[in-house]
Amino acid sequence: MTKNRFLIPAAILALIFNIFILSSVTLNLDWVRTRAAGGQFDTFPTALRILYFVMALLTLFLARWLWSQRNGVSTERNQKIARLLAILFTVSTCLQLISRSSDERWNAIPAIILAITFWQLGKKI
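What you see is a predicted model; the values in this text were computed from it and never measured.

The rules behind each value
- Throughout, residues of each chain are indexed from 1 in the direction in which the sequence is written.
- Given that this is a predicted model, residues contribute local features only at a pLDDT of at least 70 and side-chain atom pairs are listed and counted only at 80 or more, while totals for whole chains, interfaces and linings are drawn from all residues.
- For side-chain calculations, the full set of non-hydrogen atoms in the structure is used, while hydrogens and water are omitted.
- Each helix is a run of DSSP H or I of at least 4 residues and each strand a run of E of at least 2, with the numbering of both proceeding from the N terminus.
- Two things to know: the radius of gyration comes from C-alpha atoms, and the globule rule equals 2.2 Å times the number of residues to the power 0.38.
- Relative accessibility under 20% of the residue-type maximum defines a buried residue, over 50% an exposed one, and the middle range a partly exposed one, all with a 1.4 Å probe and only protein chains included.
- Put simply, two rings from Phe, Tyr or Trp (the six-membered ring, in Trp's case) pair if the centres are within 6.5 Å, and we call them stacked under 30 degrees between planes, edge-to-face over 60, tilted for the rest.
- Whenever a carboxyl oxygen of Asp or Glu lies within 4 Å of a side-chain nitrogen of Lys or Arg, that contact is scored as a salt bridge.

Q: Please clarify how the overall build of the protein should be interpreted in this entry.
A: Within the protein, the secondary structure is distributed over five helices and zero strands. Element order for the protein, N to C, with α for helix and β for strand: α-α-α-α-α. Relative to the 2.2 N^0.38 estimate, which gives 14 Å for 125 residues, the radius of gyration of the protein is 15 Å and therefore close to what a compact globule would have. Principal-axis analysis of the C-alpha atoms places the extent of the protein at approximately 50 × 25 × 20 Å. Taken across its 125 residues, the protein has 44% of its residues classed as buried.

Next comes the structure, spelled out in structure tokens:
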């Protein structure tokens, strides 16, 4: 698919950006404090850092799965997964846009790229 030729690489870049943010929270780096968790923490709690670490790992697996779908979804199950992910990233986009942190609102850009990509992959063939 021609659309996937551009969407998949853009979505992979968006996921790499997300992994970068999630890993930075895990490491409690200063620069990410205004870009995650609503910008409300001066230091991220341990439980949140563990959660973000798990999310970073899941995002890695998601990037791998997405790359395997670059020629289009091969099964109905993968279409359902793509549609579910489209909904998830649409919700994520909305949540990013209403964040109290203006820095975190920028995270809506990769989220909408992911939502559009998964929406496209989840379409009936």
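Picking up where we left off.
Q: I keep staring at the packing of aromatic side chains and nothing clicks. Help me out?
A: Here a ring pair, both rings aromatic, is described through the centre-centre distance and the interplanar angle of the planes. Applying the stated criterion to the full structure yields four aromatic pairs. Following the ring pairs from residue to residue traces out a cluster consisting of W65, F89 and F118.

Q: How should I be thinking about the pattern of salt bridges in this particular structure?
A: Opposite charge on two side chains allows them to pair when their charged atoms are near. For the structure shown, the criterion picks out two salt bridges. Between R33 and D30 there is a salt bridge, with the nearest N and O atoms lying 2.3 Å from each other. The exposure class of R33 is buried, given its relative accessible area of 16%. Among the ionic pairs, K80 bridges to E76, the shortest N-O distance being 3.7 Å. On the criterion of helical spacing, the pair formed by K80 and E76 is a turn pair, its members being four residues apart in helix α3 (residues 76–97). A relative accessible area of 48% means that E76 is categorised as partly exposed.

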